[in-house]
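Topology and contacts: notes
Each chain is listed here by its residues.
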Amino acid sequence: MSRPDPADYLDMAALPRLLDALVTQGWFVGERFIDTALCHSLQAELQRLKTQSHLDEAGIGRGQAHRIQRDVRGDAIHWLDRESRAQRQYLTVMTFLQQTINRALYLGLFEFEAHFALYPPGAFYKKHLDSFRGRSNRIVSTVLYLNPAWTTTHGGEMALFDPDDPASEIARIRPELGTFVCFLAERIPHEVLPTQAPRASIAGWFRRNTSLGSSIDPAR
Ligand SMILES: O=C(O)CCC(=O)C(=O)O
Ligand SMILES: [Fe+2]
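I will try to describe carefully the structure that is included in this document. No experiment lies behind these values; they were computed from the predicted model shown.

Description of the site of ligand 1
Surrounding ligand 1, one finds 14 residues, the nearest of these being His128, Asp130, Tyr145, His190 and Arg199. Measuring from an oxygen atom of ligand 1, one finds a side-chain N or O atom of histidine 128 at 3.2 Å. Within the side chain of tyrosine 145, an N or O atom sits 2.5 Å from an oxygen atom of ligand 1. In isolation ligand 1 exposes 290 Å². Once the protein is present, 98% of that is buried. Among the secondary structure elements, those contributing two or more residues to the shell around ligand 1 are strand E5 (125-128), strand E6 (138-145), strand E10 (190-192) and strand E11 (199-207). Element by element, the count of residues in the shell around ligand 1 is highest for E11, at four residues.

Considering the coordination of the iron ion (ligand 2)
The protein atoms that coordinate the iron ion (ligand 2) are His128 (NE2), Asp130 (OD) and His190 (NE2), at distances of 2.0 to 2.2 Å. Within one chain, the residues donating to the iron ion (ligand 2) are spaced in sequence as H-x1-D-x59-H.

Thoughts on the sheet that holds strand E4 (residues 111-119)
As summarised here, the arrangement of the seven strands in space is E1-E9-E6-E11-E4-E3-E2, forming an open sheet in which the pairing is antiparallel. Of all the strands in the sheet, just strand E1 (27-30) and strand E2 (56-57) have a single pairing partner and so form its edges. Bridging between E6 and E11 involves seven bridges; their strand directions are antiparallel. Along E11, the bridge assignment pairs valine 143 with alanine 203. On top of the sheet, helix H1 (residues 15-24) reaches E1 and strand E9 (180-184); it is set at about 150 degrees to E1, its chief contact.

Details of the pattern of salt bridges
Counted under the stated rule, the structure contains eight salt bridges. For glutamate 57, the salt bridge identified is with arginine 70, shortest N-O distance 2.6 Å. A residue pair is termed long-range when its members are at least 10 positions apart, and glutamate 57 in strand E2 and arginine 70 in the loop between E2 and strand E3 (76-79) qualify at 13 residues. The partly exposed category is assigned to arginine 70, whose relative accessible area is 37%.

Things to note about the sheet that holds E10
Across the sheet, which stays open at both edges, the four strands sit in the order E5-E10-E7-E8 with antiparallel pairing between neighbours. Strands with a single pairing partner mark the edges of an open sheet, and in this sheet they are E5 and strand E8 (165-173). Averaged over all neighbouring strand pairs, the angle between strand axes comes to 20 degrees, with direction disregarded. Relative to E8, strand E7 (residues 158-162) runs antiparallel, the two being bridged by five bridges. The partner of leucine 160 across the bridge, within E8, is alanine 171.

Considering helix H3 (residues 85-105)
With 21 residues, H3 should cover 30 Å at 1.5 Å per step; its first-to-last C-alpha distance of 30 Å lies within 8% of that length. Count one or two residues on from H3 and you reach tyrosine 106, which has phi positive near 55 degrees.

Some details on the side chain of arginine 138
Its location among the elements puts arginine 138 in strand E6. On the accessibility criterion, arginine 138 (15% relative accessible area) is buried. A distance of 3.1 Å separates polar atoms of two side chains, one belonging to arginine 138 and the other to glutamate 113.

Here's the deal with the packing of helix H2 (residues 36-51) against H3
Their axes nearest at 9 Å, the elements H2 and H3 cross at an angle of 130 degrees. Classified by the interaxial angle, the pair formed by H2 and H3 is oblique. In this structure, H2 crosses over H3, and the sense of that crossing is left-handed. Side by side, H2 and H3 meet where Leu38, Ser41, Leu42 and Glu45 of the first sit next to Ala86, Gln87, Gln89 and Tyr90 of the second. Here the contact of H2 with H3 is composed, by residue class, of four nonpolar, three polar and one charged.

Thoughts on the environment of threonine 153
Relative to the helices and strands, threonine 153 resides in the loop between E6 and E7. Separated by 44 residues in the primary sequence, threonine 153 and alanine 197 have C-alpha atoms spaced 9.1 Å apart. Within the local environment of threonine 153, its side chain forms a polar contact with the side chain of threonine 151, the two groups lying 2.8 Å apart.

Rules used throughout
- Residues numbered from 1 in each chain as written.
- Chains lettered and ligands numbered in written order.
- Predicted model: local features only at pLDDT ≥ 70, side-chain atom pairs only at ≥ 80, totals over all residues.
- Heavy atoms only, no water.
- Near = heavy atom within 4 Å.
- Polar contact = N/O pair within 3.5 Å; in protein donor to acceptor, adjacent residues only side chain to side chain.
- Areas by Shrake-Rupley, 256 points an atom, 1.4 Å probe, with all protein chains shown as cover.
- Helix = DSSP H or I, 4+ residues; strand = E, 2+ residues; numbered from the N terminus.
- Donors = N, O, S within 2.8 Å, 3.2 Å for Na, K, Ca; no water.
- Pairing = 2+ DSSP bridges.
- Contact = heavy atoms within 4.5 Å.
- Axes fitted to C-alpha atoms, helices over the stretch in contact; angles between N-to-C directions.
- Salt bridge = Lys/Arg side-chain N within 4 Å of Asp/Glu carboxyl O.
- Buried < 20%, exposed > 50% of the residue type's maximum accessible area, 1.4 Å probe, protein only.
- Expected span 1.5 Å × (residues − 1).
- Parallel < 35°, antiparallel > 145°, perpendicular 65-115°, else oblique.
- Left-handed = near helix turned anticlockwise from the far one by under 90°.
- Nonpolar A, V, L, I, M, F, W, Y, C, P; charged D, E, K, R; others polar.

See the structure below:
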């Protein structure tokens, strides 16, 4: 089986803009950044996972601190496990992006973890940081949206906030199929506004390895 070529699945021409935006403002949004056919395959897989009851209620906090809190986040998730061709293609693209970012910005990104997410109507995710400065090993957050023909009446945008003034909104992103967002996990507060329609995505994080000696550092 031939390995997928990342260039077939992502907008190579947008990469310089992505790197520049990460450095100058800490976040990037690209429309049609990931190949449309691949997005449809991922969307179909997420639907299948839902039908087969393979989605779990999402929680907050890692390891022992993990808990479900519906008043904070209301999505259901499934961690990517390379089970399908579409997942493997997406993970290959993300590995390529990791190498591209490391070569240009020396962030020392070490691995990528990601989950499908489905927000049912009425669900949201309150303003948060994906990682806390100093403690964290999530360095760059990513989101790929999987919703064809999303309109403003559907709500469910992601709002980004100014790291130096977290009350001030700096961007609002419609979760349209193929749109890809990445941002510095320790810097950019963000929020998922209440959605009116089922909202599908893949949220992922590039991590740095912070394991020390024999003490392992779990991803989740
Ligand atoms: O789906 C989104 O727009 C963002 C999701 C998010 O912030 C998260 O899963 O941490
Ligand atoms: Fe987040």
